[in-house]
Structure formats: C-alpha cells, structure tokens
Amino acid sequence: MKLLIVYYSLEGNTKMIAEKLAAKTGADLLEIKSLKEYPKKGPSKFIIGGKDAAFKVCPEIEKPEKNVKEYDAVVIGTPVWDGTIAPPMRSYLRDTLIKTENVAAFACMAGKDPKKTFKVIKELVVIDELKAEVSFCNPANGNDPDMEAKIDQLAQAVM
Ligand SMILES: Cc1cc2nc3c(=O)[nH]c(=O)nc-3n(C[C@H](O)[C@H](O)[C@H](O)COP(=O)(O)O)c2cc1C
C-alpha cells in the first residue's frame, strides 16, 4: 500500500507532524510550496494570509513533485488560517483529482477549534467522509500533549 502525505506549512508545525507521520508509516511526503510569499512575522502575517484564506484565494504553487494518482491512500495536512485551510493547500486541492477514498486529514492551529477546515477539505476533495480528522495545537512548541497518540490515530486510519 502506497501512502502519500501532502502538506503545506508556513511555520513548521504541519511539516513536523507530516515528517513524524512519514517516519512512522514509510509514506512519501509532498510539500506544497507557494509562489506567493506569505509573511511569517509582524502584523502582515495575519492580515495577508488571513485575508487570502477568508476570500478563498488560490495562490500559484510550484508544480507538485509527486503524482497523487500513484498512491492508494492520502493524508492531507494544513495549518488553519482564518478558520479554514491555508490558501496554497486550497490551490493544490482545487487542481488535483484525488481518486482514492482512503483519505485522512490533519490541521495545525493555535486555538482549539479547526472550525470549517475539514468541511472545506471534504468539499475540495469531493468526498463524504475522511478516514480521520485530527487537529494539533501548535505541536512544534510542545503545546500538544496528545501529539504522538494523534499521529498513531492518523496512521491507523489509512494503513
Ligand atoms: C494567516 C494566519 C491565520 C491563522 N488563523 C488561525 C485561526 O483562524 N485559528 C487558529 O487556531 N490558528 C490560526 N493561525 C495559527 C496557525 O494555524 C498555527 O500556528 C499553526 O500551527 C501553524 O502551522 P504551520 O507552522 O505549519 O504554518 C493562523 C496563522 C496564520 C499565519
């Protein structure tokens, strides 16, 4: 069974979970890279990224280095921006046909409620149910005590 973990990460939290999950499962990793540069610091960080998320902007992204069609299972990882998926992940999902039904997702966020993130992922993938919907609270800062258990939950859902 071939598993692909596709993720976008601005500040490293989503990347960290994606890499830990890959280490556990032997999955391939696909990082989505935005051609539009989103600021990582200062007030513009939330203003620019938040506005694009709220207005469902799809920034240009680099051509993905792996083809999702070659995989039996997919895990999608995104930070929560303005209560929804980050714009570069929106671009990827808008332009990508994921045929397998074996899809799980995780979201990294600062708060406790991913709000409509998973609903939007399901709409864009065009799937009724995800095998797992798992959220992490800024795990790179050591803020999420259940991190390892949640990574196991994701791995078990798709393997
Ligand atoms: C533009 C922007 C908007 C954000 N909006 C939210 C939000 O609505 N809710 C929330 O809990 N966290 C929000 N955050 C915080 C990130 O979701 C959180 O820090 C996440 O762990 C970052 O993942 P990353 O390190 O992979 O980029 C926002 C961060 C940015 C940059």
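Residues numbered from 1 in each chain as written. Predicted model: local features only at pLDDT ≥ 70, side-chain atom pairs only at ≥ 80, totals over all residues.

Visitor: Please clarify how the overall build of the protein should be interpreted in this entry.
Guide: Regarding its fold elements, the protein presents 5 helices and 6 strands. Helices and strands appear in the protein in the N-to-C order β-α-β-α-β-β-α-β-α-β-α. What you see for the protein is a C-alpha radius of gyration of 14 Å, in line with the 15 Å of a compact globule of 159 residues. Seen along its three principal axes, the alpha-carbon backbone of the protein occupies a region of about 45 × 35 × 25 Å. Scored against the burial criterion, the 159 residues of the protein give a buried share of 37%. (Helix = DSSP H or I, 4+ residues; strand = E, 2+ residues; numbered from the N terminus. Rg over C-alpha atoms; globule rule 2.2 N^0.38 Å. Buried ≥ 20, exposed ≤ 12 C-beta atoms within 10 Å, placed from the backbone.)

Visitor: Please explain the site of the ligand as it appears in this structure.
Guide: Around the ligand sit 21 residues in total, of which Glu11, Thr14, Gly49, Pro79 and Gly111 are the nearest. Looking at the shell around the ligand, the elements that each hand over two or more residues are helix H1 (13–25), helix H2 (42–54), strand E3 (73–81) and strand E5 (103–109). If you tally residues by element for the shell around the ligand, the top one is H2, at 4 residues. Across the shell around the ligand, the residue classes tally to 8 nonpolar, 9 polar and 4 charged. (Near = placed C-beta within 6 Å. Nonpolar A, V, L, I, M, F, W, Y, C, P; charged D, E, K, R; others polar.)

Visitor: Help me out: how do you make sense of the nonpolar core in this one?
Guide: One broad rule of soluble globular proteins: the nonpolar side chains tend to lie buried together. Counting residues in each nonpolar core, the largest one holds 42 residues, and the members touching the most others are Ile5, Val6, Val74, Val75 and Ala105. Of all the secondary-structure elements, those providing two or more residues to this core are strand E1 (3–7), H1, E3, helix H3 (87–95), E5, helix H4 (117–125), strand E6 (133–137) and helix H5 (147–158). The leading source of residues in this core is E5, at 7 residues. Excluding anything up to four places from it in sequence, Ala105 contacts Val75, Ile76, Phe118, Ile121, Leu130 and Glu133. (Core = buried A, V, L, I, M, F, W, Y, C linked by C-beta atoms within 7 Å. Contact = placed C-beta atoms within 7 Å.)

Visitor: Hey, could you run me through the packing of H3 against H4 in this one?
Guide: Angle between the axes and distance between the axes: these two values describe a pair of packed helices. Packing of H3 against H4 brings their axes to within 8 Å, and their N-to-C directions diverge by 30°. Classified by the angle their axes make, H3 and H4 are roughly parallel. Counting all contacts with H3, which are made through Arg90, Leu93 and Arg94, the residues of H4 involved are Ile121, Leu124 and Val125. Partitioning the contact of H3 with H4 into residue classes produces 4 nonpolar, no polar and 2 charged. (Axes fitted to C-alpha atoms, helices over the stretch in contact; angles between N-to-C directions. Parallel < 35°, antiparallel > 145°, perpendicular 65-115°, else oblique.)

Visitor: Would you mind going over the packing of H1 against H5 with me for this structure?
Guide: Put simply, H1 and H5 touch, their axes get as near as 10 Å, and they point 55° apart. Judged by the angle between their axes, H1 and H5 are oblique. In terms of crossing hand, the pair formed by H1 and H5 is right-handed. Judged by residue contacts, Ile17, Lys20, Leu21, Lys24 and Thr25 of H1 engage Ile151, Leu154 and Ala155 from H5. Partitioned by chemical class, the residues of the contact of H1 with H5 number 5 nonpolar, 1 polar and 2 charged. (Left-handed = near helix turned anticlockwise from the far one by under 90°.)

Visitor: Would you explain H5 in this entry?
Guide: Residues spaced three or four apart along an α-helix point in a common direction, a consequence of the helix completing one turn every 3.6 residues. The terminal C-alpha atoms of H5 lie 17 Å apart, and with 12 residues this matches the ideal 16 Å at 1.5 Å per residue to within 8%. All buried positions along H5 are accounted for by Ile151, Leu154 and Val158. In a view along the axis of H5, the buried residues occupy a sector of 60°, so they form one face of it. In H5, the exposed positions angled more than 90 degrees off the buried face are occupied by Glu148, Ala149 and Gln156. (Expected span 1.5 Å × (residues − 1). Arc of directions from axis to C-beta.)

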